[in-house]
Amino acid sequence: MYSCSIIIIAYNSCDFIPACLKSVRDACENVDAQIIVLDNGSDSPILPEIKAYFPEVVWIDSKENLGFGKGCNLAEKQATKPYLFFINPDTVVSRDSFTQVLDFMEEHPESGTVGCRILNEDGSIQWACRRSFPTIVSAVSKTIGLAALFPKNKTLASYNMTFADPDKMIEVDAISGSFFCIRRDLYESLGGFDEDFFMYGEDLDLCFRAKAAGFKNYYTPSTNILHFKGQSCRTRRWGSYVDFYKAMLIFVKKHKDLYFVPNFLVSFGILFAAFVGMFSRLIPKFWKMFLDLGVLAIWAVVFLGKGISVGRSCAERVGEVASNCFNYAVVVKHSILDISQFEDWWLVGLVVIVNMVFLVFRGEYTVSSLKGDGILRFLLPLNVLAVGGYVAFRYFTQTPIDVDEMSLLPYDTRWIAVVVASSLAIPFALLVWRRFAFWINYFYRIFAKKRHRSILLGGSEDSLQSWFDRYNVIPGIEILGCVSSDPSKVSEENRQHLLGDLSSMESICNRTGCRELLVVSNLSGYREPFDIKWLDSLGLKVFLLIGNSQMGDFALVNLKYLH
């Protein structure tokens, strides 16, 4: 029987760690395994209820976020087995993952690190599971998209090795830190992970040092794991982005002999890649940004598009000599359409900055969701403070305009009231177009029959109510209700959604037109029992549903990739 220590570094992973640990427990059925989980200073620590469900786990709590490498080194001090597995908390492993990789390690004593095939939740391969060490050509071609245009070119696509057959074992420069195995004696002789790397790059560096010590790094397709990439970074998108490129700079500085050009040129290339990648990573949903800018433009034209002017005509004057009389008009405030004369560009800029910066750092442009959480709650007071502060400053610092023995204020109380009140319309308009687009898409999918009709398997332990909130549901999926392998145990709250017993699934499918079963994974990682072969014979696709619908942190996994 094989022996191994399995190390998981968790950061804000409450929603995903139960499913991960449940899959690890199942995969350790014939393995002498020690499971170590370090909760790495999470803002939302792992719940005591979750820990109670997994008493075999060695739990370590850190008061601060140590970073991935330092966290792994701390957890490894508790390891007692000859092999080490490092696994991300947002992964689900196959039942044979550990035995297959350990078989490979035994058959290849020259191996330093071994990684397996890593899949996205839709079954596509994550190419980062086998990599070359970064070079100038590979980094530039990946950044500007040449690697994607020429995936079979060994020079341009060398970083993720997309030219190599993913179904064949191959020696590689590096594997992914989300799942890999290394001998404990080798790990300790290398000094573990370099703690200069906070997050990202430490796996690349470890593989480089293992190879320099005379060992080989391998990729094997003999088993699959699923990785919900980036879940630990959702709460620190900007920080993780900075960490990634900072790690690349550290790697280049540490292993400068790998490059044949001056170090500053390589560093400049990394900074250029960071600048280019900022838009694709932080703001991938440009269409939402353009629509939001359109809302702000409409606000500016509607509420700032009419100037204020005062004038008199000769007809209004009594007793004046006609020859000395002329019509006149004095513009007190220019319209925004009078671009060169408009006085309040600072106001427009302030409104754009306040709203767009909030939406960018709120993560609105990283997801296609149209729920618009927090828009009213935060942007209403932010807009009032920004616009109110601007007009207050203008009011108390303005100079009156004298017109025909009258003293006029450009920023009078009426104009101020209209502009401040109109700023409240901006958050409502931002939310309204999102809700309108949501319902247009919703009914389009229904009438075009593009929504997948699905049923949940669960309800005996956790509440399912949030999955039936229309704004929380998974895009493209219509959840009809739930079934259970033991309907008598379904809670009262969930009973309103109960469609019947799992054993009656065939008749339920015929009645509802359902072709997908979503297996709910709860806090304990528990999933109600089911026979996937029988469900497959009914023509049903079976998915594992992991996460929290209310927070939007969930994943949908086709279970055929793990069987």
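So, how was this worked out
Residues numbered from 1 in each chain as written. Predicted model: local features only at pLDDT ≥ 70, side-chain atom pairs only at ≥ 80, totals over all residues. Heavy atoms only, no water. Helix = DSSP H or I, 4+ residues; strand = E, 2+ residues; numbered from the N terminus. Buried < 20%, exposed > 50% of the residue type's maximum accessible area, 1.4 Å probe, protein only. Contact = heavy atoms within 4.5 Å. Areas by Shrake-Rupley, 256 points an atom, 1.4 Å probe, with all protein chains shown as cover. Salt bridge = Lys/Arg side-chain N within 4 Å of Asp/Glu carboxyl O. Core = buried A, V, L, I, M, F, W, Y, C linked by side-chain atoms within 4.5 Å. Disulfide = S-S within 2.5 Å. Phe/Tyr/Trp six-rings, centres within 6.5 Å; stacked < 30°, edge-to-face > 60°. Lys NZ or Arg CZ within 6 Å of the ring centre and 35° of its normal. Axes fitted to C-alpha atoms, helices over the stretch in contact; angles between N-to-C directions. Parallel < 35°, antiparallel > 145°, perpendicular 65-115°, else oblique. Left-handed = near helix turned anticlockwise from the far one by under 90°. Nonpolar A, V, L, I, M, F, W, Y, C, P; charged D, E, K, R; others polar. Pairing = 2+ DSSP bridges. Arc of directions from axis to C-beta.

J.: With reference to specific residues and values, describe the overall build of the protein chain.
T.: In terms of regular secondary structure, the protein chain is built from 18 helices and 21 strands. When each of the 563 residues of the protein chain is scored for burial, the buried share is 49%. Taking the intrachain contacts of the protein chain between residues at least 6 apart in sequence as the baseline, contacts between residues at least 24 apart amount to 74%. Accessible area of the protein chain: about 27,100 Å², with a carbon and sulfur share of 59%.

J.: Lay out the pattern of salt bridges in plain terms, naming residues and giving numbers.
T.: This structure, assessed with the given rule, holds 17 salt bridges. Taking the shortest distance from any N to any O, the salt bridge between arginine 25 and glutamate 56 comes out at 2.9 Å. Of this pair, arginine 25 sits in helix α1 (residues 17-27) while glutamate 56 sits in the loop between α2 (48-53) and β3 (58-62), and the two are 31 residues apart along the sequence. Across the pair lysine 288 and glutamate 364 runs a salt bridge, and its minimum N-O distance is 3.3 Å. Taken together, the residues lysine 288 in helix α11 (residues 286-304) and glutamate 364 in the loop between α12 (345-362) and α13 (375-397) connect sequence positions 76 residues apart. On the basis of relative accessible area, lysine 288 is assigned to the buried category, the value being 0%. With relative accessibility at 7%, the residue glutamate 364 sits in the buried group. Among the ionic contacts, a cluster of salt bridges with common partners joins Lys22, Asp26, Glu29 and Arg95.

J.: So what's going on with the nonpolar core? Which residues, and what values?
T.: In terms of nonpolar packing, the biggest core is built from 93 residues, with Ile6, Phe85, Phe98, Phe179 and Met505 touching the most fellow members. In this structure, Ile336, Leu347, Met356 and Ile416 belong to the second largest nonpolar core, which totals 31 residues.

J.: Describe unusual backbone geometry, with residues and values.
T.: At asparagine 12, a position not held by glycine, the phi torsion is positive, near 50°. Along the chain, asparagine 12 turns up in the loop between β1 (3-10) and α1. Take asparagine 12: its relative accessible area is 16%, and that puts it in the buried class.

J.: Tell me about the state of the cysteines, and please be specific about residues and values.
T.: Applying the stated criterion across every chain yields a total of zero disulfides. For the unlinked cysteine cysteine 181, the closest cysteine sulfur is that of cysteine 4, found at 7.1 Å. Accessibility expressed as a relative area gives 0% for cysteine 181, which makes it buried. You can see cysteine 509 has no disulfide; the closest cysteine sulfur is in cysteine 514, sitting 4.5 Å from it. Cysteine 509 sits in the buried class, given a relative accessible area of 4%.

J.: Break down the packing of aromatic side chains for me, citing the residues and quoting the values.
T.: Tallying each qualifying case throughout the model produces 17 aromatic pairs. The interplanar angle of 45° and the centroid separation of 5.7 Å between the aromatic rings of phenylalanine 85 and phenylalanine 179 together place this pair among those described as tilted. Highlighted residues: phenylalanine 85 in strand β4 (residues 83-87) and phenylalanine 179 in strand β10 (residues 179-183), separated in sequence by 94 residues. Taking the centre distance of 5.7 Å and the plane angle of 40° together, the rings of phenylalanine 358 and phenylalanine 378 count as tilted. Residue phenylalanine 358 is found in helix α12, and its partner phenylalanine 378 is found in helix α13; the two are separated by 20 residues along the sequence. Look at phenylalanine 358 and you get buried, because its relative accessible area is 15%. Each member of the aromatic cluster is reached from another via a ring pair, and the members are Phe68, Phe86, Phe180, Tyr187 and Phe193. Above the plane of the ring of tyrosine 219 lies arginine 130, whose end atom (NZ or CZ) is 5.1 Å from the centre.

J.: Report on helix α8 (residues 202-212), specifying residues and quantitative values.
T.: Taken across its 11 residues, α8 has eight buried, putting it largely inside the fold. Just downstream of α8 lies glycine 214, where phi reads positive at about 100°.

J.: Let's hear about the packing of α12 against α13: which residues, and what values?
T.: Remark: α12 packs on α13, axes separated minimally by 10 Å, with the N-to-C direction vectors making an angle of 155°. Our classification of the angle between α12 and α13 gives roughly antiparallel. Relative to α13, the crossing made by α12 is right-handed. For the pair α12 and α13, contact is made by Trp346, Leu347, Leu350, Val351, Val354, Asn355, Phe358, Leu359 and Arg362 and by Ile375, Arg377, Phe378, Leu379, Leu382, Asn383, Ala386, Val387 and Tyr390, respectively. The residue makeup of the contact of α12 with α13, split by class, is 14 nonpolar, two polar and two charged.

J.: Lay out the pairing of β1 in plain terms, naming residues and giving numbers.
T.: Within β1, eight of the eight residues are buried, which leaves the element mostly enclosed by the surrounding structure. Along β1, one buried face is formed by Ser3, Ser5, Ile7 and Ile9 and the opposite face, lined by Cys4, Ile6, Ile8 and Ala10, is buried too. Bridge count between β1 and strand β2 (residues 32-40): eight bridges; the pairing is parallel. The residue bridging alanine 10 from the neighbouring strand is aspartate 39, located in β2.

J.: Which residues make up the side chain of threonine 512, and what values do they have?
T.: Its location among the elements puts threonine 512 in helix α17 (residues 505-512). Ignoring any residue separated from it by four or fewer positions in sequence, one finds threonine 512 in contact with Arg453, Ile455 and Leu480.

J.: Lay out α17 with the relevant residues and their values.
T.: The set of residues buried in α17 consists of Met505, Ile508, Cys509 and Thr512. Along α17, the residues classed as buried sweep out an arc of 100° about the axis, all on the same side. Counted as exposed and oriented over 90 degrees from the buried face of α17: Asn510 and Arg511. One or two steps after α17, the chain reaches glycine 513, where phi turns positive at roughly 80°.

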